[in-house]
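Chain and residue survey
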Amino acid sequence: MAKRIGPSLKDFTRRDFLASSVLTAALFIAALLLFPASHEPEGTGPQVTAQVPPR
């Protein structure tokens, strides 16, 4: 018979659930702070575009 490695779902307590929920929320908050969802460029200066001379 195969021996299980690590805790099973039976050992998952309410405290474990709350701790994992808090850590998941912290991970998402950190991701939002590091990678903001705004699509605006960071700089406030003028945008430069390359102009191709006509042929």
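The preceding data block contains the structure.
These lines cover the structure that appears in this document, whether it is placed above or below. (Residues numbered from 1 in each chain as written. Predicted model: local features only at pLDDT ≥ 70, side-chain atom pairs only at ≥ 80, totals over all residues. Heavy atoms only, no water.)

**Some remarks on the overall build of the protein**
Note the cut-off: Only DSSP runs of H or I reaching four residues or more are called helices, and only runs of E reaching two or more are called strands; each is numbered from the N terminus. Throughout, exposure labels follow a simple rule: accessible area from a 1.4 Å probe, protein chains only, divided by the maximum for the residue type, with under 20% read as buried, over 50% as exposed, and the rest as partly exposed. We get accessible surface area from the Shrake-Rupley algorithm with a probe of 1.4 Å; when it comes to residues, only the shown protein chains can shield them.
Within the protein, the regular secondary structure consists of one helix and zero strands. Going through the 55 residues of the protein one by one, you find that 0% of them count as buried. As displayed, the protein offers around 6300 Å² of accessible surface, 65% of which is attributable to carbon and sulfur atoms.

**Section: a nonpolar patch on the surface**
Test applied: Surface patches are drawn from residues lacking salt bridges whose relative accessible area is over 30%; two like charges belong together within 9 Å, two nonpolar side chains (Val, Leu, Ile, Met, Phe, Trp, Tyr) within 5 Å. Throughout this description, the term salt bridge denotes a Lys or Arg side-chain nitrogen within 4 Å of a carboxyl oxygen of Asp or Glu.
Taken together, the side chains of L9, F12, F17 and L18 present a nonpolar region at the surface, about 460 Å² in accessible area. With respect to the secondary-structure elements, L9 resides in the segment before α1 (14–34).

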